[in-house]
Amino acid sequence: MGGRHPARASLVSVVAAVLALALAFAAPAVASERHPTLNELEGEVMCPICHTTLDQSDSPAAQRIKAYIVRRIRAGDTKSEIKRRLVADFGPGILAEPAKHGFALLAWLLPIGGILVGAVGLGFAAWRWSRSREPAAPALAGGAVLDPELDRRLDDELRRFE
Amino acid sequence: MTGALKRGVQGLALVGLAALLGLLIWKVVHQNGNTAARQIATGKTGPAPAFTLPRLRGGGKVSLASLRGKGVVLNFWASWCDPCKAEAPILEKAWRRYQARGLVVVGIDANDVSSDARAFAAKHGLTYMLLHDPGATYSRYGLTGVPETFFVDRRGRLVPIHLAGPVDLAANRAKWAEGIRLALRS
């Protein structure tokens, strides 16, 4: 058995780093799903009367929903279960973020699509612009269109700098 | 860019723009549609907006159409609403007094946790029909809060009376009695 190949070793390091990073982000997400807190749900659930998130509202309706969330947390519901119950009672508008399925998925896809289309458009415009400048350079380099009088004055000017 | 490609991209952009415009128009029309409150405010009442909602207790669903032939009081309420507590006994009394003459009182619980609403109904001894609305009927009737009350006659048409606030509010008392009378009219 020989020594480890340097390229393979660096690949393993990169994969390990990516996995560690993914785990670092995934662990809190899993904990939040299994053991949600009122604080985090307050920012993800709307008050149906005041049309702000619960953490921005102290209306009677918001207080009732907060109390309900606390009861469901104590009963051991996951975050998804609590949200499902709220949607069943109040409709999908109770969630601050649109759902990631059905018609509401458009709310996620349209901005991403818009950014992609804009990026492609910008890239294409930049490519066209750079191409349109290219043919001009050889024409000047060839000097075919340079006025002889202008050419002479340019030479004089340049000589003064030498 | 070739002419065909340019035309294709322009066509695609136009289609996208038309789709977004269509979506905007659809949203505006559905938001500011002909709600029950607007029909009454403009004096152009027609058929009451249809709904099919789950019962708050006992399971099953009830549609407004299934109540055709009855005079209907539609009362929107929520368990967290203080004025709703005060008017609940009045609604209960009206239901008991006029049910033999064909009146149905329907309490539509809106913007509320349904388990809280069930507890409210049990606490106040409500026996009239209670439904739960997850939001769409509230919008279709053009409510701005709870409690609000509408009346539907035996032919399923809106009675031109809309009570914003509790039925026992001084400004609403005469309208409350008139609403029941018009709903029961043949």
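Up top is the structure these notes are about.
Residues numbered from 1 in each chain as written. Chains lettered and ligands numbered in written order. Predicted model: local features only at pLDDT ≥ 70, side-chain atom pairs only at ≥ 80, totals over all residues. Heavy atoms only, no water.

Student: Can you explain unusual backbone geometry? Please cite residues and give values.
Tutor: Cis geometry marks the peptide bond from B:Val146 to B:Pro147; its omega dihedral reads 0°. At A:His51, a residue that is not glycine, the phi angle is positive and equals roughly 60°. For A:His51, the location among the structural elements is in the loop between helix H2 (38-42) and helix H3 (60-74). One non-glycine residue, B:Asn111, lies in positive phi territory at about 50°. In this fold, B:Asn111 is placed in the loop between strand E4 (103-110) and helix H4 (114-123). What makes B:Asn111 buried here is its relative accessible area of 10%. (Helix = DSSP H or I, 4+ residues; strand = E, 2+ residues; numbered from the N terminus. Buried < 20%, exposed > 50% of the residue type's maximum accessible area, 1.4 Å probe, protein only.)

Student: Describe the state of the cysteines, and please don't skip the residues or the numbers.
Tutor: As used here, a disulfide is simply a covalent bond connecting the sulfur atoms of two cysteines. Residue and element names in this part refer to chain B. The tally for this structure, following the rule as stated, stands at two disulfides over all chains. The disulfide partner of Cys 81 is Cys 84, and the gap between their sulfur atoms is 2.2 Å. Here Cys 81 and Cys 84 share a disulfide; its torsion about the S-S bond, 90°, makes the bridge right-handed. Per residue, the accessibility class of Cys 81 equals that of Cys 84, and both read buried. (Disulfide = S-S within 2.5 Å.)

Student: A description of the pairing of strand E7 (residues 158-164) of chain B should follow, citing residues and the corresponding values.
Tutor: One face of the sheet, then the other: side chains in a regular strand alternate in exactly this way. Residue and element names in this part refer to chain B. Examined bridge by bridge, strand E6 (residues 148-152) and E7 share four bridges and lie antiparallel to one another. Among the inter-strand pairings, Val 152 is bridged to a residue of E7, identified as Leu 158. The antiparallel hairpin formed by E6 and E7 contains five residues in its connecting segment, where Gly 156 sits at a positive phi of about 85°. (Pairing = 2+ DSSP bridges.)

Student: Mind laying out the layout of surface pockets, listing which residues take part and the relevant values?
Tutor: Estimates place the volume of the largest pocket at around 1,800 Å³. A:Gly91, A:Pro92, A:Gly93, B:Lys27 and B:Ser139 are, among the 44 residues lining the largest pocket, the residues nearest its centre. Of the pockets and cavities examined, the second largest pocket occupies roughly 580 Å³. Looking at the second largest pocket, it is lined by 18 residues, and the ones nearest its centre are A:Gly113, A:Val117, B:Val9, B:Leu12 and B:Ala13. Counting residues per element, the ones that place at least two in the lining of the second largest pocket are helix H5 (105-133) of chain A together with helix H1 (3-31) of chain B. Among the elements that take part in the lining of the second largest pocket, H1(B) stands out by supplying nine residues, more than any other. Residues of the lining of the second largest pocket, tallied by class, amount to 14 nonpolar, four polar and no charged. (1 Å grid on protein atoms, 1.4 Å probe; cavity = no way out; pocket = protein on both sides within 12 Å on 5 of 7 lines; lining within 4 Å. Points joined across faces, edges and corners; volume = space filled by probe spheres on them. Nonpolar A, V, L, I, M, F, W, Y, C, P; charged D, E, K, R; others polar.)

Student: If you had to explain the pattern of salt bridges to someone new, which residues and values would you point to?
Tutor: Counting across every chain of the model gives 16 salt bridges over all chains. A salt bridge links A:Lys83 to A:Glu44, with the nearest nitrogen and oxygen atoms 2.7 Å apart. Here A:Glu44 lies in the loop between H2 and H3 and A:Lys83 lies in helix H4 (residues 79-90), a separation of 39 residues in the sequence. Assessed through its relative accessible area of 24%, A:Glu44 is described here as partly exposed. The partner of B:Arg155 in a salt bridge is B:Asp153, and the shortest N-O contact between them spans 4.0 Å. Overall, B:Arg155 belongs to the exposed group, its relative accessible area being 58%. By relative accessible area, B:Asp153 is classed as buried at 11%. Beyond isolated ion pairs, a larger network of salt bridges with shared partners links A:Glu40, A:Glu44, A:Lys79 and A:Lys83. (Salt bridge = Lys/Arg side-chain N within 4 Å of Asp/Glu carboxyl O.)

Student: Can you explain empty space enclosed by the protein? Please cite residues and give values.
Tutor: All names here are of chain B. In this structure the tally under the stated criterion is one cavity of 30 Å³ or more. Taken as a whole, the largest cavity holds about 30 Å³ of empty space. Around the largest cavity, the lining residues are Asn 75, Trp 77, Cys 84, Glu 87, Ala 88, Leu 91, Phe 120, Leu 126 and Tyr 128. Those elements that place two or more of their residues in the lining of the largest cavity are strand E3 (71-77) and helix H3 (82-98). Considering each element in turn, the lining of the largest cavity owes the most residues, four residues, to H3. The residue inventory of the lining of the largest cavity, partitioned by class, reads seven nonpolar, one polar and one charged.

Student: Quick rundown of the sheet that holds E7(B)? Include the residues and the values.
Tutor: All names here are of chain B. The sheet built from five strands is open, its strands ordered E5-E4-E3-E6-E7 with mixed pairing. The sheet terminates laterally at strand E5 (129-133) and E7, the two strands that pair on one side only. Within the sheet, the average angular offset between the axes of one strand and its neighbour, ignoring direction, is 20°. With five bridges joining them, E4 and E5 adopt parallel strand pairing. (Axes fitted to C-alpha atoms, helices over the stretch in contact; angles between N-to-C directions.)

Student: Which residues make up the interface of chain A and chain B, and what values go with them?
Tutor: At the junction of the two partners, chain A supplies 14 residues and chain B supplies 14 residues. Regarding the contact of chain A and chain B, the summed buried area is about 1,400 Å², with carbon and sulfur atoms giving 61% of it. Of all residues in chain A, the largest losses of buried area upon contact with chain B belong to A:Arg64, A:Asp89 and A:Phe90, amounting jointly to 40% of the total for that side. Summed over the shared surface of chain A and chain B, the result is two salt bridges. One salt bridge in this structure joins A:Arg64 and B:Asp116, with 3.5 Å as the shortest N-O distance. Inspection of the chain A/chain B interface yields five residue pairs in polar contact (both at pLDDT 80 or more). (Contact = heavy atoms within 4.5 Å. Buried area = accessible area lost by both parts, 1.4 Å probe. Polar contact = N/O pair within 3.5 Å; in protein donor to acceptor, adjacent residues only side chain to side chain.)

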